[in-house]
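Summary of structural features
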Amino acid sequence: EDYGLEDEIPQSDIDEAERQRALGRSIYDPRGRSVEMLTNLVKLDREVRAAAIVHAPATYAPSRRLTLSGGSQLSAYATSDPLGIFSAALDGTLVMRPNTLVLGQPAWSAIRRHPKLVNAVKGNLTNEGMITREQLAELLEIQRVLDGEAFVNVARKGQSANLARVWGKHAAFIYLDRAAAQNRGVTFGMTAQLGTRFAGSWQSRDVGLQGGEVVRVGERVKELVVAQDCGFLVQNVVA
């Protein structure tokens with residue numbers, strides 16, 4: 001599927017930027033800056049789509065979902081059992097044990113301070129402090145712990161900004177194999193891609209008084225879940 005965004009640059013901005021660079025007063029390039037901005041937004045849009053899949057209950061088989069509430073949530077330090085919950089998730093997939101844990105930032109902020117996890121990582125020496133993603137990965141014997149920190153502005157253009165987190169308060173345990181292909185190997189999901197990311201520009205008479213350029217950045221990709229049973233979702237990890 002095609003995903004792209006474009007930006008308009010008045011010719012007067014392009015000419016003035018060139019004049020300032022020629023005088024040695026600036027290194028600003030409006031075309032380059034536009035491409036950078038659009039690329040960041042295209043990548044953010046891709047992350048939003050991925051989050052909507054990875055943290056969606058419907059992505060997972062009913063037997064591979066667990067919803068926490070009240071004292072079982074990992075923000076309830078005194079009553080919750082993070083190692084028991086994580087072990088159940090790691091043992092709850094079909095054939096392939098998860099090698100990747102994907103958390104939303106609110107969940108990770110609570111989990112990294114959980115006294116039982118701190119104690120387990122620190123060798124029963126202390127319940128205080130915080131653990132790193134690498135330490136949690138080693139404890140759980142998985143390859144990676146990823147935490148989604150991104151925000152997205154969900155307001156319509158022209159309205160006041162309304163920032164929302166891209167990733168929810170959930171924990172997705174998934175098995176990923178970068179070497180898997182269409183006819184061999186197993187992986188929870190993959191991104192199908194045609195070609196490389198595109199960037200281009202063209203002249204337009206409808207930009208500014210003197211005309212200008214339209215810059216467009218995009219890619220042809222499709223996020224796919226191809227082995228549903230190789231994932232396990234723990235919903236509402238924190239309150």
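Use the structure listed above.
Attention here is on the structure that accompanies the text. (Residues numbered from 1 in each chain as written. Predicted model: local features only at pLDDT ≥ 70, side-chain atom pairs only at ≥ 80, totals over all residues. Heavy atoms only, no water.)

1. Description of helix α3 (residues 82-90)
Stated precisely, the cut-off is as follows: Here's how the labels work: a residue is buried when its accessible area is under 20% of the maximum for its type, exposed when over 50%, partly exposed in between, all with a 1.4 Å probe on protein chains only. The helix count covers DSSP runs of H or I at least four residues long, the strand count covers runs of E at least two residues long, and both are numbered beginning at the N terminus. The arc in question is traced by the directions running from the helix axis to the C-beta atoms. Note on definitions: a residue-residue contact is assigned when non-hydrogen atoms from the two residues lie within 4.5 Å.
When α3 is considered as a whole, its buried residues turn out to be P82, I85, F86, A89 and L90. Mapping the buried residues of α3 onto a view down its axis gives an arc of 130°, with all of them on the same face. Buried residues belonging to α3 abut β2 (65-67), α4 (105-111), α5 (115-121), α6 (133-140), β7 (171-174) and β10 (231-235).

2. As for the side chain of N119
Tracing the backbone through its elements, the reader meets N119 in helix α5. Classification of N119 by relative accessible area gives buried; the value is 18%. Not counting the four nearest positions on each side in its chain, N119 is found in contact with N124, L125, T126 and N127.

3. A closer look at unusual backbone geometry
Look at V95: it is not a glycine, yet its phi comes out positive at around 65°. Judged by relative accessible area, which is 74%, V95 ranks as exposed. Positive phi values are uncommon outside glycine, yet N124 reaches one of about 60°. The residue N124 is located in the loop between α5 and α6 in this model. A relative accessible area of 62% means that N124 is categorised as exposed.

4. Describing the nonpolar core
Applicable threshold: Only buried Ala, Val, Leu, Ile, Met, Phe, Trp, Tyr and Cys residues count toward a nonpolar core, and they belong to the same one when joined by side-chain atoms within 4.5 Å.
Counting residues in each nonpolar core, the largest one holds 26 residues, and the members touching the most others are F86, L101, I111, L136, F173 and V234. Of all elements in the fold, only α3, β3 (100-104), α4, α5, α6, β7 and β10 reach the threshold of two or more residues within this core. In this view, L101 contacts L136, L140, I142, R144, V145, L146, A171, A172 and F173; residues no more than four positions away in its chain are not counted. In terms of nonpolar packing, the next biggest core, distinct from the first, is built from 14 residues, V102, A150, V166 and A172 among them.

5. With respect to the sheet that holds strand β9 (residues 212-225)
Threshold: The rule for pairing is simple: two strands pair if DSSP sees at least two bridges between them. In this analysis an axis means a line fitted to C-alpha atoms, helices contributing only their contacting stretch, and an angle means the value between N-to-C directions, from 0 to 180 degrees.
Strand order in the open sheet made by the three strands is β1-β9-β8, with antiparallel pairing throughout. Every other strand in the sheet has two partners, leaving β1 (2-10) and β8 (189-204) as the edge strands with one partner each. The sheet shows a mean angle of 10° between the axes of neighbouring strands, direction not considered. With nine bridges connecting them, β1 and β9 associate as antiparallel partners. In the sheet register, D7 faces β9, and the bridge partner there is V215. Helix-sheet contacts for helix α1 (residues 11-22) involve β1, β8 and β9, and the interaxial angle to β1 is about 70°. Together, β1, β8 and β9 form the strand contacts of helix α2 (residues 30-54), whose direction differs from that of β9 by roughly 20°.

6. With respect to the sheet that holds strand β4 (residues 144-148)
In space, the five strands of this open sheet follow the order β2-β10-β7-β3-β4, with mixed pairing throughout. Edge positions in the sheet fall to β2 and β4, since each has one partner strand and no second. On average, each strand axis in the sheet is tilted by 15° relative to the strand beside it, whichever way the strands run. Pairing of β3 with β4 involves five bridges; the strand directions are parallel. Counterpart to G104 in the pairing with β4 is G148. Relative to β10, α3 is tilted by about 150°, and along the sheet it contacts β2, β7 and β10.

7. Details of the pattern of salt bridges
Using the following cut-off: Definition used for salt bridges: Asp or Glu carboxyl oxygen within 4 Å of a side-chain nitrogen of Lys or Arg.
Under the counting rule described, the total for this entry stands at twelve salt bridges. Across the salt bridge formed by R19 and E16, the nearest N and O atoms sit 2.9 Å from each other. On the criterion of helical spacing, the pair formed by R19 and E16 is a turn pair, its members being three residues apart in helix α1. For R19, a relative accessible area of 43% puts it in the partly exposed group.

8. Focus on the packing of aromatic side chains
Applicable threshold: Note on aromatic pairs: the rings of Phe, Tyr and Trp (six-membered ring only in Trp) are paired at centre separations within 6.5 Å, and the planes decide the class, stacked below 30 degrees, edge-to-face beyond 60, tilted for the rest. Should the NZ of a Lys or the CZ of an Arg lie within 6 Å of a ring centre and within 35 degrees of the ring normal, that charge is described as sitting over the ring.
One pass over the structure, following the stated rule, counts two aromatic pairs. On the numbers, 5.5 Å between centres and 20° between planes, the contact of Y60 with F188 is stacked. Of the two residues, Y60 is situated in the loop between α2 and β2 and F188 in the loop between β7 and β8; the sequence distance between them amounts to 128 residues. When the ring of F86 is compared with that of F173, the centres are 5.5 Å apart and the planes differ by 55°; the resulting orientation is tilted. Of this pair, F86 sits in helix α3 while F173 sits in strand β7, placing them 87 residues apart in sequence. Judged by relative accessible area, which is 1%, F86 ranks as buried. Positioned above the aromatic ring of Y3, the side-chain terminus of R49 is 3.6 Å from the ring centre.

By themselves, these are just geometric observations and shouldn't be taken as functional.
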